[in-house]
Each structure stands twice: as structure tokens, then as C-alpha cells.
Amino acid sequence: MGLFLIGLVPIVVFLILLTFLKKSAMFSAYASLVVAIILNFIVPGWQMPVQGVIASIIEGFATAWMPIGFVVFAALFAYDLSVKTGKIETIKSMLGSISTDKRAQALILAWGFGGFIEGIAGYGTAVAIPAAIMVSLGFTPLSAALICLIANSTPTAFGTVGLPVTTMISNFKLNAGETAFYTSLLLLLLTCIIPFILVIMANKEIDGGKNAAFGRGILPVVIASIIGYLTQPFIAKAMGAELPTILSSLFAMILMIVATKIFIKEDESAKSNKGQAITGKDAFMAWIPYILMIILIIGTSPVVEAVHKALEPTTTHFNFALGHEATWFKDKGDPSVIFKWILAPAAPLFVATVIAGFIQGVKPKVMAETLKETILSKLPSVVVIMGIVALSVVMKHSGMIESIAKGFAATGKFFPVISPFLGTIGTFVTGSDLASNLLFGGVQVNIAGSHDALKALYIAAGTGGATGGKMISPQNIAIAASTVGLMGKEGDMLKFTVKYSIAYAAVLGILTFIGAGILH
């Protein structure tokens with residue numbers, strides 16, 4: 001228990017610095033990294049050597065750039081170029097023509113479109129792109145960021161073509177349909193609740209929230225979003241983990257747009273402000289970057305097996321311990337880090353933006369200047385992410401994460417209640433559902449013993465908890481803050497989202513406890 005509590009110290013330090021002492025995300029990340037390094041050297045049971053610490057920091061910096069940093073730059077390059085070309089105004093007009101009601105816009109963009117992007121790309125794009133568009137539609141930057149952070153929760157379980165779940169299925173030889181089905185079932189209740197929260201948040205953007213949040217025709221739109229996402233368990237059971245978020249979010253978007261058109265009545269002033277009708281050609285030219293992103297990301301994903309296999313040789317592995325992991329690192333397992341140079345979302349996003357730029361008639365010089373501006377403006381955010389990922393890697397290789405996991409495992413029959421919180425902590429530290437599952441998946445499976453269905457349930461619970469951790473992940477918050485121009489406000493965002501994340505994990509804990517009782 002002692003190592004468990006001490007292992008939590010770097011995380012607690014980060015939280016205190018960021019939320020209570022109002023320090024910057026950069027200072028908080030690197031100060032917490034220093035604390036973790038000091039604890040590593042002085043606490044018996046960890047004591048990773050200097051070589052291991054240096055290797056861990058380099059590994060953290062490298063993985064912060066690939067894929068996270070590259071995805072951030074690629075996604076925001078697409079948005080910045082659309083601003084420079086004026087195409088974002090067309091998108092804004094099109095979305096405004098669906099409805100000027102900010103509640104409907106929040107549901108369609110953050111919940112529907114954001115979920116779809118999460119399903120095909122992940123790595124922060126589902127926060128960055130919708131938040132940027134929402135700000136252009138008149139949302140205050142803080143509101144847009146918070147709405148997208150809360151929305152970027154349940155869809156992430158099957159994000160990046162189901163990678164968090166499919167990796168666990170592969171690593172522990174779990175039943176694919178059963179594991180995906182349990183994951184979708186655990187998240188079903190929360191999937192029904194979150195749209196209501198988003199409406200309440202967005203309603204504050206309309207006359208300061210003076211009117212009732214659920215009046216003026218929004219309830220059918222909420223119901224439409226729920227119906228769309230309720231298809232997830234059926235998709236998961238029939239197809240596995242790759243497509244539940246992609247297909248269900250697409251269904252939800254279509255249903256929400258139809259419901260918005262039918263039930264939300266625009267006032268005359270809103271109608272008069274919509275301007276001229278947009279031609280099909282103008283619409284196509286504005287959306288072509290995102291259309292190409294979808295085509296390229298799905299086209300290079302495991303969904304298109306032949307193309308995915310052909311590109312697999314572009315993926316490289318590197319061991320930052322240089323073969324000395326037995327003496328440098330305290331954690332077990334393969335220390336190799338995977339770098340997906342083409343199969344990660346960054347390459348398809350970047351290529352799609354460049355091809356779209358040429359189709360739109362943008363000169364190469366303009367694209368190069370825009371890319372340079374994007375990189376220079378967002379570089380501080382990536383430096384913050386470097387510190388956060390380095391912290392997570394040091395904690396992993398030193399054995400701190402394992403100590404934290406063992407502390408939770410000691411809860412015995414109450415472990416099902418705790419299981420989702422492991423996922424939440426994992427995502428908070430690493431910023432990734434996948435990384436969280438990789439850190440704690442072994443613990444979840446070991447506690448389940450030889451009970452295969454229980455293994456699937458605990459992996460589902462950890463995955464579910466990890467989705468709630470996205471709301472409070474400093475990496476995700478840093479992406480949101482940088483996208484909407486609120487660097488320095490990360491602490492305020494974390495204060496807002498943390499209460500939702502705790503309640504989220506608690507609900508999953510109760511559901512997991514009930515599920516474990518049934519399976520036993």
C-alpha cells in the first residue's frame with residue numbers, strides 16, 4: 001500500500017499545480033516529471049538507473065511527436081488552410097443552414113461529427129476539428145473546448161478504428177465479439193446521458209441560458225442522437241470493435257440533421273441572416289479535405305485489409321533501452337515502441353489536406369506558409385505534451401504504474417467497482433485509451449483469472465473508464481486549449497471536467513459490479 005500511495009504522488013502534484021496553484025500546463029508537466037524522477041531514485045522497489053530514466057524521457061518525447069504531435073499539426077493544418085482559403089466560411093454557412101440553434105450545432109458537431117472523426121482518426125482530432133469549427137460559428141472558445149472534451153468520451157472506446165479494444169483482444173486472445181459487445185453495453189447508459197449534458201452546456205450560449213434548455217424542439221434531436229448511438233452494441237456483436245463508433249456516429253449525425261430540420265423552428269431574424277444558398281460545387285470544395293480524410297483513413301485501416309497489409313512494412317519498432325531493458329527498466333514486457341509512419345492518422349490527414357488544397361486551387365507556397373504558421377503557433381502545445389508523455393513513460397518503466405495497479409487490485413471482490421478507475425487514471429496519465437489499456441490490461445486480465453467472460457468484462461470496464469479519462473487528460477485538454485486559443489486556461493478546463501469524469505467512472509463501476517455478479 002505504501003508504494004501505491006507514493007506512486008500517486010506525481011499525479012497528485014500535477015493536479016495541484018495545474019488546478020489549485022494555477023501554474024501553466026508546461027510547468028506542471030515538467031515539475032511532475034522531476035518529482036517522478038526523484039521518487040524513482042529514492043524509493044526502494046523502483047530505482048530505475050540513470051540510463052533507464054534518460055531512455056524513458058527520450059521515449060516519451062519521441063512518442064509525443066509521433067503520433068500525437070504530428071496528428072495535432074496535420075489536423076490543425078487542415079483547419080488553418082480552410083480559414084486562409086475562406087472555405088471554413090462555407091462550412092459555417094452550411095452548418096448554420098441546418099440550424100442556428102447552438103444546442104443542435106453542439107450535438108451535430110461535437111457529438112456526431114466529433115464521434116465520427118474519433119472513430120476514424122482519434123489522437124485529439126475529434127476535439128481539435130469540431131472545437132475550431134464551433135468557435136467559427138460563434139461559440140465562446142471556452143464553451144467550445146469544454147463541450148468537445150465532454151463529448152469526446154464514449155466514442156473513444158472504439159476510436160481509431162477500434163484500436164483500444166482490438167489491441168486487448170489480440171494481446172490476451174479474447175473473444176472479439178464478446179469484448180466489443182460488453183464495452184458497448186457498459187457505455188450505453190452514459191451514451192444516453194451525455195447528449196443532455198451537451199445541450200445544457202450549449203444552452204448557456206443562447207441569451208446567457210435564460211431559456212429552458214430542453215424547449216424549442218431540441219428533445220427530438222437528442223432522442224435522434226441516442227437512437228443513432230444505440231446501434232453500437234448490435235454493430236459490436238456482429239462486426240467486432242473496428243466499426244461501432246464510425247457507423248453509429250454516422251447514423252446519429254444523419255438522424256440529428258433530419259430531426260433538426262423537422263422540429264427546430266428558426267426565427268425570422270435567423271432565416272434572414274443565412275445569406276445566399278450554397279451551390280453543390282461550393283459545398284464539395286469546402287468539405288473535400290474532410291471527405292478525403294475519411295477515404296484515406298478508412299482506406300489505410302484494417303477495414304481495407306489488403307491496403308493495410310501492404311503498408312504495414314512502413315511501421316517501425318524501436319527499443320529505447322537499446323537491448324538493456326532487463327537492467328534499465330523495471331516493468332516487464334516488450335519495450336519496443338511502434339511508430340506508424342503512414343498507418344497512424346497523421347499521414348492520411350496531411351496528404352488529404354494537400355490533395356484537397358490542389359483541388360481547391362491553392363498555391364503550394366500558400367500551403368507551405370500555412371503549415372509553417374500552424375507548426376510555430378502550436379509548438380508550445382506539443383512541448384507540453386512531450387512533458388506529459390515523458391512523465392507517463394518514466395512512471396511506467398520505473399514500476400510506479402504497476403505499484404498503483406497492485407494497490408487497486410488489493411480491493412478483492414470490490415475490484416469491479418475500481419476497474420473503470422484504473423482506465424481513467426491510465427488515460428489521465430498517458431492521454432490515450434490505448435496506452436491506458438496497455439498499462440492496465442494485464443492487471444485486469446490477471447484478476448479475472450481463468451474466467452474468459454470476466455476477462456472480457458474487466459477489459460471492457462477498463463476501456464470504458466479510459467474513455468472518461470479523456471475528459472481530464474492533460475494532453476486532450478492541451479489540444480483543446482491550443483485549438484481555441486486558450487493556452488494557460490487548462491487548469492480551469494480540468495476543474496470543470498473532473499467532476500464529470502469521476503461520476504462517469506462511478507457509474508461504470510456500479511455497472512461492472514452488477515455485470516461481474518451475473519457472470520460469477
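Of regular secondary structure, the protein possesses 25 helices and two strands. For 520 residues, the compact-globule estimate of 2.2 N^0.38 gives 24 Å, and the protein sits close to it at 22 Å. Across its three principal axes, the protein shows a C-alpha extent of roughly 70 × 55 × 50 Å. For the protein, buried positions account for 58% of its 520 residues.

With that settled, consider the packing of helix α10 (residues 176-203) against helix α23 (residues 452-469). When two helices pack together, their arrangement is captured by the angle between the axes and the distance separating the axes. The contact between α10 and α23 brings their axes to 8 Å, and the two run at 45°. With respect to their mutual orientation, α10 and α23 come out oblique. Every pair of crossing elements has a handedness; the one defined by α10 and α23 is right-handed. Listed contacts from α23 to E178, T179, Y182, T183, L186 and L187 of α10 are D452, A453, A456, L457, I459, A460, A461, T463, G464 and T467. Along the lines of polarity and charge, the residues of the contact of α10 with α23 split into nine nonpolar, five polar and two charged.

Taken as a whole and judged by the stated rule, the model has five salt bridges. Across the pair E402 and K406 runs a salt bridge whose closest N-O atoms are separated by 3.3 Å. One end of the pair is E402 and the other is K406, both in helix α20 (residues 400-409) and four residues apart, which spans about a single turn. Note that K455 is salt-bridged to D452, the shortest N-O span being 3.9 Å. With K455 and D452 both in helix α23 and three residues apart, the pair spans about one turn of that helix.

As a further point, take the packing of aromatic side chains. Under the definition given, this model contains 13 aromatic pairs. Relative to Y229, the ring of W111 lies with its centre 4.8 Å away and its plane at 45°, an arrangement referred to as tilted. Here Y229 lies in helix α11 (residues 218-229) and W111 lies in helix α6 (residues 102-120), a separation of 118 residues in the sequence. Residue class for W111 comes out buried when judged on its relative accessible area of 0%. Taken together, a centroid distance of 6.2 Å and an interplanar angle of 65° make the contact between F320 and F339 edge-to-face. With F320 in the loop between β1 (315-318) and α17 (325-328) and F339 in strand β2 (residues 337-340), the pair connects residues that are 19 residues apart, well separated along the chain.

Among the nonpolar cores identified, the biggest contains 144 residues, and L107, F113, I133, M134, I147 and M395 are the most heavily contacted of them. Aside from chain neighbours lying at most four places away, what touches L107 is G112, P195, L198, V199, I218, V221, V222 and M256. If you look at the next biggest cluster of nonpolar residues, it comprises twelve residues, including F73, A128, I385 and V393.

Structurally, the position occupied by R216 is in the loop between α10 and α11. Once residues lying within four places of it in the same chain are set aside, the contact partners of R216 are R103, N203, I206, N211, F263 and I264. One polar contact links R216 to N203, side chain to side chain, over a distance of 3.1 Å.

Together, V34, I38, F41, I42, V50, I54 and I58 make up a nonpolar patch on the protein surface, roughly 630 Å² of accessible area in all. With four residues, helix α3 (residues 25-42) is the single largest residue contributor to the nonpolar patch. Topologically, I38 is positioned in helix α3. The class for I38 is partly exposed, based on a relative accessible area of 45%.

Moving on: the packing of helix α4 (residues 50-85) against helix α7 (residues 125-136). Interhelical geometry of α4 versus α7 gives an angle of 25° and a closest axis separation of 9 Å. Relative to α7, the element α4 lies roughly parallel. Of the two elements, α4 crosses α7, and the hand of that crossing is right-handed. Along its contact with α4, which presents V71, A75, L76 and Y79, the element α7 presents T125, A128, I129, A132, I133 and S136.

One can find I98 in helix α5 (residues 87-98). Taking the C-alpha atoms as reference points, I98 and I288, 190 residues apart in sequence, are found 19 Å from one another. Other than its neighbours up to four places away in sequence, I98 contacts I108, I257, T260, K261 and E266.

Let us look at the side chain of N40. Tracing the chain through its elements places N40 in helix α3. From its side chain, N40 meets the backbone nitrogen of M48 in a polar contact 2.7 Å long. Non-local contacts of N40, meaning those with residues more than four positions away in its chain, are made with W46, Q47, M48, V53, S398 and M400.

Turning our attention to helix α25 (residues 490-519). The end-to-end C-alpha separation of α25 is 41 Å, in line with the 44 Å expected for 30 residues at 1.5 Å each. The sharpest bend along α25 reaches about 35° and sits at T497.

Turning our attention to unusual backbone geometry. The phi torsion of most residues other than glycine is negative, and most of the peptide bonds are trans. With a phi angle near 50°, D207 is a residue other than glycine that sits in the positive phi range. By the secondary structure assignment, D207 is in the loop between α10 and α11. Of note, R216 is a non-glycine position whose phi angle comes to about 55°, a positive value. The partly exposed category is assigned to R216, whose relative accessible area is 39%.

Burial of the side chains of β2 is restricted to one face: V337 and F339 are buried, whereas none of I338 and K340 on the reverse face is. Here four bridges tie β1 to β2, and the two strands are oriented antiparallel to one another. Residue pairing across strands places T315 opposite K340, the latter belonging to β2.

Here we take up the side chain of S249. Turning to its location among the elements, S249 is positioned in helix α13 (residues 244-263). Among the residues examined, S249 registers a relative accessible area of 0% and is labelled buried. Residues within four places of S249 in sequence aside, it is in contact with G112, G115, F116 and Y229.

A few words now on the confidence of the model for the protein. Model confidence for the protein is summarised by a mean pLDDT of 87, while 97% of its residues fall at 70 or above. Mean pLDDT values for the elements of the protein range from 53 in helix α14 (residues 268-272) up to 97 in α11.

Cut-offs and rules
- Here the residue numbers are simple positions, counted from 1 along each chain's written sequence.
- Totals for whole chains, interfaces and linings use all residues, but because this is a predicted model, local features are given only for residues with pLDDT of at least 70 and pairs of side-chain atoms are given and counted only at 80 or more.
- As a rule here, side-chain values come from all non-hydrogen atoms in the structure, and water together with hydrogens is ignored.
- Secondary structure is summarised from DSSP: a helix means a run of H or I of at least four residues, a strand means a run of E of at least two, and numbering begins at the N terminus for each.
- In this description the radius of gyration comes from C-alpha coordinates, and the expected globular size is given by 2.2 Å times residues to the power 0.38.
- The classification of residues rests on relative accessible area computed with a 1.4 Å probe and restricted to protein chains. Under 20% of the type maximum is buried, over 50% is exposed, and intermediate values are partly exposed.
- The axes used here are C-alpha line fits, helices contributing only the stretch in contact, and every angle between their N-to-C directions lies in the interval 0 to 180 degrees.
- Every angle not falling under 35 degrees, over 145, or within 65 to 115 is termed oblique; those three ranges are roughly parallel, roughly antiparallel and roughly perpendicular.
- Helix crossings fall into two classes, left-handed where the near helix is turned counterclockwise from the far one by less than a right angle and right-handed where it is turned clockwise.
- Here, two residues are considered to be in contact whenever any of their heavy atoms come within 4.5 Å of each other.
- Any residue outside Ala, Val, Leu, Ile, Met, Phe, Trp, Tyr, Cys, Pro, Asp, Glu, Lys and Arg is labelled polar, Gly included; the first ten of those are nonpolar and the last four are charged.
- The working definition used for a salt bridge is a side-chain nitrogen of Lys or Arg within 4 Å of a carboxyl oxygen of Asp or Glu.
- Between 30 and 60 degrees the pair is tilted, below 30 it is stacked and above 60 it is edge-to-face, where a pair is any two Phe, Tyr or Trp rings, Trp via its six-membered ring, whose centres lie within 6.5 Å.
- Throughout this description, the term nonpolar core refers to a set of buried Ala, Val, Leu, Ile, Met, Phe, Trp, Tyr and Cys residues connected via side-chain atoms within 4.5 Å.
- Pairing of N or O atoms within 3.5 Å defines a polar contact, subject to two protein rules: one partner must be a possible hydrogen donor and the other a possible acceptor, and residues neighboring in sequence count only if both atoms are side-chain atoms.
- The residues that make up patches have over 30% relative accessible area and no salt bridge, and they are joined within 9 Å when like-charged or within 5 Å when they are Val, Leu, Ile, Met, Phe, Trp or Tyr.
- For the accessible areas, the method is Shrake-Rupley and the probe is 1.4 Å, while residue cover comes only from the protein chains on display.
- Given the number of residues in a helix, its expected span is that number minus one, multiplied by 1.5 Å.
- Bend at a given residue is defined as the angle between two axes, one fitted to the seven residues that end at that position and one fitted to the seven that begin there.
- Any two strands with at least two DSSP bridges between them are considered paired.
- Along the chain, pLDDT gives the predictor's confidence residue by residue, from 0 to 100.

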